[in-house]
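# Structural features, examined
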Amino acid sequence: MKKTIILASLCLSVITSFACTNFIVGKKASVDGSVMCSYSADDYGMFQHLAHFPAGKHAKGEMVKIFDWDTNEYHGEIPQAEETYNVIGNINEWQVTIGETTFGGREEMVDSTGIIDYGSLIYLALQRSKSAREAIKVMTTLAETYGYNSEGETFTICDPNEAWIMEMMGCGAGSKSVVWVALRVPDDAICAHANQSRIRTFNQKDKQNVMCSKNVVKFAREKGWFSGKDAEFSFCETYAAPDFGGRRFCEARVWTFFNMYSNDMEQYVDYAAGKVADAKPMPLWIVPNRKLSVHDMEMAMRDHYEGTPFALDSDIGGGIWEMPYRPTPLRFKVDGKDYFNERPVSTQQSGFVYVSQMRSWLPREVGGILWFGNDDANMVAFTPVYCCTTKSPKCYNTPGADNITFSMDNAFWVCNWVSNMVYPRYSQMFGSLQAVRDSLDNSYFAAQAEVEAKAVELSKSNRQAAVDYLSAYTSDKAQQMLDRWKQLATYLIVKYNDMVVKEDVNGQFVRDQFGLGKRPSRPGYPERYARELIKQTGTKFEVGK
């Protein structure tokens, strides 16, 4: 009996609460008719590579060993599918994409004896599904057959035609049972989730747009958690009611996404802020006031609440150079009182981030793209990874590199090297990174039509030629990004060494008449910080006469 190990851990640390963010766009809400979704996989100490599972035909009796995606703990094994599909990252060759955020919920509902964890569930479904609906069936069947060994989870499940949001929880240790509900996001809407259960009431009679477990209401009744009418049942309020953290740290990220594309989100500020107990909850989705592009989605994943009541630029928490990031943990104490840091969409603990673009009108090997970055979305370019790619680019899957082993050949480490130079001196250095980031992003968009036209033409006579061409292009762009990021790293250390700024023209540092590097400028404190410093210190640093 053959046993295949295909679900080894990608993440070498435990996913914590308030960790991830997903945005979803229906095909009539996008500028070109794409279904789009995004995912930022976040946790401190996380090391991530770009997963790849090749397509295959499997013999009867072949087994799959299940290792927990977070901890690498061995859970057991299950029978392999007769056929599996090519998976690169979180998209497969049929353009099915699956992301997630963990919301936790009632602790007693976790099935600690279950075999399938949420990460394994994602990659098993990607290998076994040709559509979002099929992925939902695969995921729920696996969880109900082998037990679900994770906390409450919200999944984004999309294909080129449909976008779905699904929430799932176990039914306790040894139950091998789950409660779940999946809703189709309307084609003209945008949706989001960020570590807080969001599905409230739903119409169980709408079989076209709603799927759920038979026990989703019954289980809550049996536990004494719900006693109303079925139509009044709220998955969120029953199994994972939002507290202050669920609203301020999680729902606020949903609010900021909706706020970018709505003129009506001010009414939900109190809910997102978390301090008004009876504030009106946000809707699960909204119809945006304009259609979104891939670039819009990338920029949404780079958000730090700029221009909103939750903006991070109005206090000294960002340091001298006003970084829109805050140190961990989210909560801290001063003189025995509890305080917190804002938790924006873009965060330093991102292991990877993507925007998935799925297009029904193109050959499937061309239609699906995972725009991928191996660090904080704000600090990286999103390189194109086509869904037919048959090998993970070396810089995204580097032999020998892990969460405690640096490698100059590895995108995660090189990108983190650069971003960690920039974080503490953000206002001083970020412009240099941004220029390179945006130049690369724009170059990928500019080349997209020509690259895809060639791939479509190849696919007409030889599908494998198109696959090979797009796989090579994926690797070339990833390596180009890595090489450019190495150049950026050396440029930053030279230009901003010792908190001064050296002059350059088009990336070339200026020399003086004697051949030496021109004397650097010394910008000192930003004015706002200087004023705050003097406000706190009074005459201590006042120059004497």
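Residues numbered from 1 in each chain as written. Predicted model: local features only at pLDDT ≥ 70, side-chain atom pairs only at ≥ 80, totals over all residues. Heavy atoms only, no water.

Attention now moves to the overall build of the protein chain. Scanning the protein chain from N- to C-terminus turns up twelve helices and 24 strands. The C-alpha atoms of the protein chain give 24 Å as radius of gyration, which agrees with the globular expectation for 545 residues (24 Å, within 12%). With the C-alpha coordinates aligned to their principal axes, the bounding extent of the protein chain is approximately 80 × 60 × 45 Å. Out of the 545 residues belonging to the protein chain, those deemed buried represent 57%. Long-range contacts, defined as pairs at least 24 residues apart, comprise 72% of the intrachain contacts of the protein chain with a sequence gap of at least 6. Accessible surface computed for the protein chain: about 23,300 Å², of which carbon and sulfur atoms make up 52%. (Helix = DSSP H or I, 4+ residues; strand = E, 2+ residues; numbered from the N terminus. Rg over C-alpha atoms; globule rule 2.2 N^0.38 Å. Buried < 20%, exposed > 50% of the residue type's maximum accessible area, 1.4 Å probe, protein only. Contact = heavy atoms within 4.5 Å. Areas by Shrake-Rupley, 256 points an atom, 1.4 Å probe, with all protein chains shown as cover.)

Evaluated as defined, the whole model comprises 25 salt bridges. Residues E108 and R106 are paired through a salt bridge, measuring 4.0 Å at the closest nitrogen-oxygen approach. The partner of R200 in a salt bridge is E237, and the shortest N-O contact between them spans 2.5 Å. Of this pair, R200 sits in the loop between β15 (190–193) and β16 (210–212) while E237 sits in helix α4 (residues 235–239), placing them 37 residues apart in sequence. (Salt bridge = Lys/Arg side-chain N within 4 Å of Asp/Glu carboxyl O.)

Our next topic: the pairing of strand β18 (residues 331–334). Two strands pair when backbone bridges link them, and β18 and strand β19 (residues 337–340) are joined in this way by four bridges, in the antiparallel orientation. Following the sheet pairing, F332 is matched in β19 by Y339. Following β18, the chain reverses through two residues before pairing antiparallel with β19; D335 in that reversal takes a positive phi of roughly 55 degrees. (Pairing = 2+ DSSP bridges.)

The omega torsion across T328 and P329 is 0 degrees, close enough to zero to call that bond cis. Of note, Y305 is a non-glycine position whose phi angle comes to about 65 degrees, a positive value. Here Y305 lies in the loop between α7 (294–300) and β18. You will see that D335, though not glycine, has its phi angle at about 55 degrees, which is positive. Checked against the element boundaries, D335 lands in the loop between β18 and β19.

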